[in-house]
There are 2 protein chains.
Amino acid sequence: MASADDIRAIVSKYLDAVAGGTSADVAALYAEDATLEDPVGTEPKVGREAIQAFYAALDAVDNTTELITVRVSGNTAAFHFRVVTVAGDKTITIEPIDVMTFDDQARITSMRAIWSTDDMTVA
Amino acid sequence: MASADDIRAIVSKYLDAVAGGTSADVAALYAEDATLEDPVGTEPKVGREAIQAFYAALDAVDNTTELITVRVSGNTAAFHFRVVTVAGDKTITIEPIDVMTFDDQARITSMRAIWSTDDMTVA
């Protein structure tokens, strides 16, 4: 099993990639057959290709991210974070709690993002 | 599906029951065939009877709880909270992130608690 420190490091890398990386950088943190459900209740994306396509919007906008808190237990992390997206003249702030599972190599095997428009502000 | 408001209300009731209720009060918020994994990575408890037994320690200690933040999406809630337990001359503080799913009647169908001893202080 990946260690808690390894898992925390990947959470940090993930937030860095969402902020400053490309969709390919983010997708590279996922296992080949990973699943992504964002937000929870929508149809999961399956596989790294579909996951990279999900993050493609990243390539067109400026994001900053900030980790608020992270918990790790077994192969699972839950973390509360802030992502601020500047798109044209809009600034969108979302503060989800994401839940991720990891394989033995600390690749993300699943991601579930728990948030709704209640947790989003547009300025 | 239970509404986000219903789900937030049950999260609040859950924390109230952990603080001031009995193990039976807490277990009553769960569906009959619910599962509980606390912390994640341990063997899940299955069914309300096993779940009530898990909370039996509540009946012997003084707890206070505080919701730090909650997110709801679809049938799922994730919430960061603090539980302070006074047991004899020890005060134990834990700040987990719990993930719960809910049925149409807003009964808890699964609970997974993500925390480790890193998130616990004993004073």
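A quick note: this is a predicted structure, and the numbers were derived from the prediction, not measured.

**Student:** For this particular structure, what's the right way to read the interface of chain B and chain A?
**Tutor:** It is common to report an interface's size as the accessible area lost on association of the parts. Taken together, the contact pairs 25 residues of chain B with 24 residues of chain A. Across the interface of chain B and chain A, roughly 1800 Å² is buried in total on both sides, 56% from carbon and sulfur atoms. For the interface between chain B and chain A, the tally reads 6 salt bridges. A salt bridge links B:Glu95 to A:Arg71, with the nearest nitrogen and oxygen atoms 3.7 Å apart. Inspection of the chain B/chain A interface yields 10 residue pairs in polar contact (both at pLDDT 80 or more).

**Student:** How do you make sense of the packing of aromatic side chains when you look at a structure like this?
**Tutor:** What characterises a pair of aromatic rings is the spacing of the ring centres plus the angle enclosed by the ring planes. Inspection of the entire model under this criterion finds 10 aromatic pairs over all chains. Taking the centre distance of 6.1 Å and the plane angle of 75° together, the rings of B:Tyr14 and B:Tyr55 count as edge-to-face. Here the residue B:Tyr14 occupies a position in helix H1 (residues 4-20), and B:Tyr55 occupies one in the loop between helix H3 (48-54) and strand E3 (62-73), the gap between them amounting to 41 residues. Take B:Tyr55: its relative accessible area is 5%, and that puts it in the buried class. Ring centres of B:Phe79 and B:Phe81 lie 5.4 Å apart, and the angle between their planes is 35°; on these two criteria the pair is classed as tilted. Exposure remark for B:Phe79: the relative accessible area of 0% places this residue in the buried category. Ring pairs connect the aromatic residues A:Tyr14, A:Tyr30, A:Phe54, A:Tyr55, A:Phe79 and A:Phe81, which therefore count as one cluster.

**Student:** How do you make sense of the UniProt feature "domain: SnoaL-like" (unreviewed entry) in chain A when you look at a structure like this?
**Tutor:** The residues that UniProt annotates with the feature "domain: SnoaL-like" (unreviewed entry) are residues 11-110 of chain A. The span residues 11-110 of chain A shows a helical share of 22% and a strand share of 48%, and its end C-alpha atoms are spaced 13 Å apart.

**Student:** Explain the relation of the copies chain B and chain A here, please?
**Tutor:** Look at the two chain copies: a rotation about an axis and a shift along it is all it takes to match them. Between chain B and chain A, which share one sequence, the superposing operator has a rotation angle of 180° and an axial displacement of 0.0 Å; the RMSD is 0.0 Å. In short, the pair behaves as if placed about a two-fold rotation axis. Comparing contact sets, 96% of the residues at the interface of chain B also lie at the interface in chain A, consistent with an isologous, same-surface contact.

**Student:** Explain the pattern of salt bridges to me, please; I cannot follow it from the model alone.
**Tutor:** Working definition: two side chains of opposite charge can pair if their charged atoms are close together. Scanning all chains against the criterion turns up 18 salt bridges over all chains. One salt bridge in this structure joins A:Arg8 and B:Asp118, with 3.4 Å as the shortest N-O distance. Here A:Arg8 is found in helix H1 (residues 4-20), whereas its partner B:Asp118 is found in the loop between strand E7 (108-114) and strand E8 (120-122) on a different chain. One salt bridge in this structure joins B:Arg107 and B:Asp103, with 2.8 Å as the shortest N-O distance. Given a relative accessible area of 35%, B:Arg107 falls into the partly exposed group. Judged by relative accessible area, which is 15%, B:Asp103 ranks as buried. Salt bridges here are not isolated pairs; linked through shared partners, they connect A:Glu66, A:Arg82, A:Glu95, A:Asp119 and B:Arg71.

**Student:** How do you make sense of H1(B) when you look at a structure like this?
**Tutor:** Turn by turn, an α-helix covers 3.6 residues, leaving residues three or four places apart pointing in a common direction. Residues and elements named next belong to chain B. Over its 17 residues, H1 runs 24 Å from end to end, which matches the ideal 24 Å to within 8%, given 1.5 Å per residue. Among all positions of H1, only Ile7, Ile10, Val11, Tyr14, Leu15, Ala17 and Val18 are buried. For H1, the angular spread of the buried residues around the axis is 160°, confining them to a single face. More than 90 degrees from the buried face of H1, the exposed residues found are Asp5, Lys13, Asp16 and Gly20. Close packing links the buried residues of H1 with helix H2 (23-27), strand E1 (30-37), E3, strand E4 (76-87), strand E6 (97-102) and E7.

**Student:** In this structure, what is going on with the pairing of strand E6 (residues 97-102) of chain A? I would like to understand it.
**Tutor:** In summary, the side chains of a regular strand alternate between the two faces of the sheet. All names here are of chain A. The element E6 is extensively covered by neighbouring structure, given that 6 of its 6 residues are classed as buried. What you see with E6 is no split at all: Ile97, Val99 and Thr101 on one side and Asp98, Met100 and Phe102 on the other are buried throughout. As paired elements, strand E4 (residues 76-87) and E6 share 5 bridges and run antiparallel to each other. Bridge pairing in E6 links Phe79 to Asp98. Direction of pairing for E6 relative to strand E7 (residues 108-114): antiparallel, over a ladder of 6 bridges.

**Student:** Even after reading the chapter, I still don't get the environment of B:Gly20, so can you show me in this structure?
**Tutor:** Inspection of the secondary structure puts B:Gly20 in helix H1. For the pair B:Gly20 and B:Phe79, spaced 59 residues apart in sequence, the C-alpha to C-alpha distance is 19 Å.

Cut-offs used in this document
Residues numbered from 1 in each chain as written. Chains lettered and ligands numbered in written order. Predicted model: local features only at pLDDT ≥ 70, side-chain atom pairs only at ≥ 80, totals over all residues. Heavy atoms only, no water. Contact = heavy atoms within 4.5 Å. Buried area = accessible area lost by both parts, 1.4 Å probe. Salt bridge = Lys/Arg side-chain N within 4 Å of Asp/Glu carboxyl O. Polar contact = N/O pair within 3.5 Å; in protein donor to acceptor, adjacent residues only side chain to side chain. Phe/Tyr/Trp six-rings, centres within 6.5 Å; stacked < 30°, edge-to-face > 60°. Helix = DSSP H or I, 4+ residues; strand = E, 2+ residues; numbered from the N terminus. Buried < 20%, exposed > 50% of the residue type's maximum accessible area, 1.4 Å probe, protein only. UniProt positions renumbered as here; feature names shortened; annotations may be inferred. Least-squares fit on C-alpha atoms with pLDDT ≥ 70 in both. Expected span 1.5 Å × (residues − 1). Arc of directions from axis to C-beta. Pairing = 2+ DSSP bridges.

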